[in-house]
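These are the residues of each chain, in order.
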Amino acid sequence: MAEVLVYVDHVDGAVRKPTLELLTLARRIGDPVAVHLGPGADEAAKTLGEYGAVKVLAAEAGEFADYLVVPKVDALQAAYDVVSPSAVLVPSSAEGKEIAARLAVRIGSGIITDAVDLEEGDEGPVATQSVFAAAFTTKSRVSKGTPVVTVKPNSTSPEAAPAAGAVEQLQVSFGEAATGTRIVSRTPRESTGRPELTEAAIVVSGGRGVNGAENFHIIEELADSLGAAVGASRAAVDAGWYPHSNQVGQTGKTVSPQLYVATGISGAIQHRAGMQTSKTIVAINKDAEAPIFDLVDYGIVGDLFEVVPKLTEEVKTR
Ligand code: FAD
């Protein structure tokens, strides 16, 4: 079976969930070969093997931490040269997309970004994307070179399928450009203890209906009872009630969780653009005519100040 390169997103060897999703999708089109850059490869290999990586190509060098993406592109290209894969899969983070795009240019291939599904077709892998503010779903395939595909988090559920996952060292020689831009400092974001918005399996968002920053704790409490991330509509962000880093939509983040709960959000097209591919959508809105109800799986017509605390209490009893 053809081998598929999977770029590993990890923090010091702790493999992040989007990579497990990539391995799950990669198995549909070939044998996954994971590319792990930086520390913790032996630790990561246990998880990567559990989710189907037939081997793990690992490289550790200070350049990965000290410089922007080019050293990682050099390494991924080295892995590409060793494996000659039938496809390359990369998580759809900002960094992942830059790495994927640079690799595609170097190897003269077409690229598909922000795929939400992947399957084998008659002429190679076929990727599904959600486009034009999620108004259309398209299926496309790369017609030139080895397909490079970035896949959005939460596009599929990770499924274990144990494989060897043996670590092999990858030899990387860095080009001149690799050390062109040095990272001067890193400032960790203050942790809320909640999952990262774009990776969370559940997102609870609040909109203008929340009616003030002082009321957002209602949304946070429901989110915490579900182990969810908190999102916000632009109206709530523009009003200064919640940070822009939590905005969902066309000019915010795109999320695709298993469950999206929209509270006090009308469902404008620009908001839908960021959440419409969620697997199950629940809305709580006091206006039965609100457009959000056109796309929900479950709708609750009611005042969020009554409904949300009751929901939180109920979830806590489970
Ligand atoms: P509203 O549309 O005002 O809706 C509030 C809802 O809350 C209403 O449906 C109301 O019935 C309900 N409500 C009120 N009180 C209660 C209550 N007590 N209980 C229950 N329900 C209640 N928007 C985004 O969200 N994300 C984006 O990224 C984004 N990008 C944009 C980009 C552009 C170029 C433009 C032009 C707009 C963009 N917008 C974006 C804005 C978008 O058009 C809407 O204005 C915005 O989404 C509305 O936010 P909202 O649903 O919270 O507010």
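Scroll up to find the structure.
Residues numbered from 1 in each chain as written. Predicted model: local features only at pLDDT ≥ 70, side-chain atom pairs only at ≥ 80, totals over all residues. Heavy atoms only, no water.

Draft legend 1. Layout of the pairing of strand 9 (residues 136-140). Counted residue by residue, strand 9 has zero buried out of five residues, so it is predominantly exposed. For strand 8 (residues 124-131) and strand 9, the ladder comprises five bridges, and the chain directions are antiparallel. Across the sheet, the residue bridging to Gln 129 is Thr 138, located in strand 9. (Buried < 20%, exposed > 50% of the residue type's maximum accessible area, 1.4 Å probe, protein only. Helix = DSSP H or I, 4+ residues; strand = E, 2+ residues; numbered from the N terminus. Pairing = 2+ DSSP bridges.)

Draft legend 2. Representation of the environment of Glu 120. Relative to the helices and strands, Glu 120 is located in strand 7 (residues 111-121). Note: C-alpha distance between Glu 120 and Lys 152 (32 residues apart in sequence) is 18 Å. Among all residues touching Glu 120, those that are not within four sequence positions of it are Arg 28, Ile 29 and Pro 125. (Contact = heavy atoms within 4.5 Å.)

Draft legend 3. Representation of the pattern of salt bridges within the structure. Scanning the model with the defined rule gives 16 salt bridges in all. Where Glu 95 meets Lys 72, a salt bridge forms, and the shortest distance between an N and an O atom there is 3.2 Å. Of the two residues, Glu 95 sits in helix 5 (residues 94-107) while Lys 72 sits in helix 4 (residues 70-83), which places them 23 residues apart along the sequence. A relative accessible area of 36% means that Glu 95 is categorised as partly exposed. Glu 98 is the salt-bridge partner of Arg 102, the closest N and O atoms lying 3.0 Å from each other. Of this pair, Arg 102 and Glu 98 both sit in helix 5, four residues apart, which is roughly one turn of the helix. Using a relative accessible area of 37% as the deciding quantity, one classes Arg 102 as partly exposed. Residue Glu 98 is classed as partly exposed on the basis of its relative accessible area, which comes to 35%. A single network of salt bridges, built from pairs that share partners, joins Asp 9, Arg 16 and Glu 199. (Salt bridge = Lys/Arg side-chain N within 4 Å of Asp/Glu carboxyl O.)

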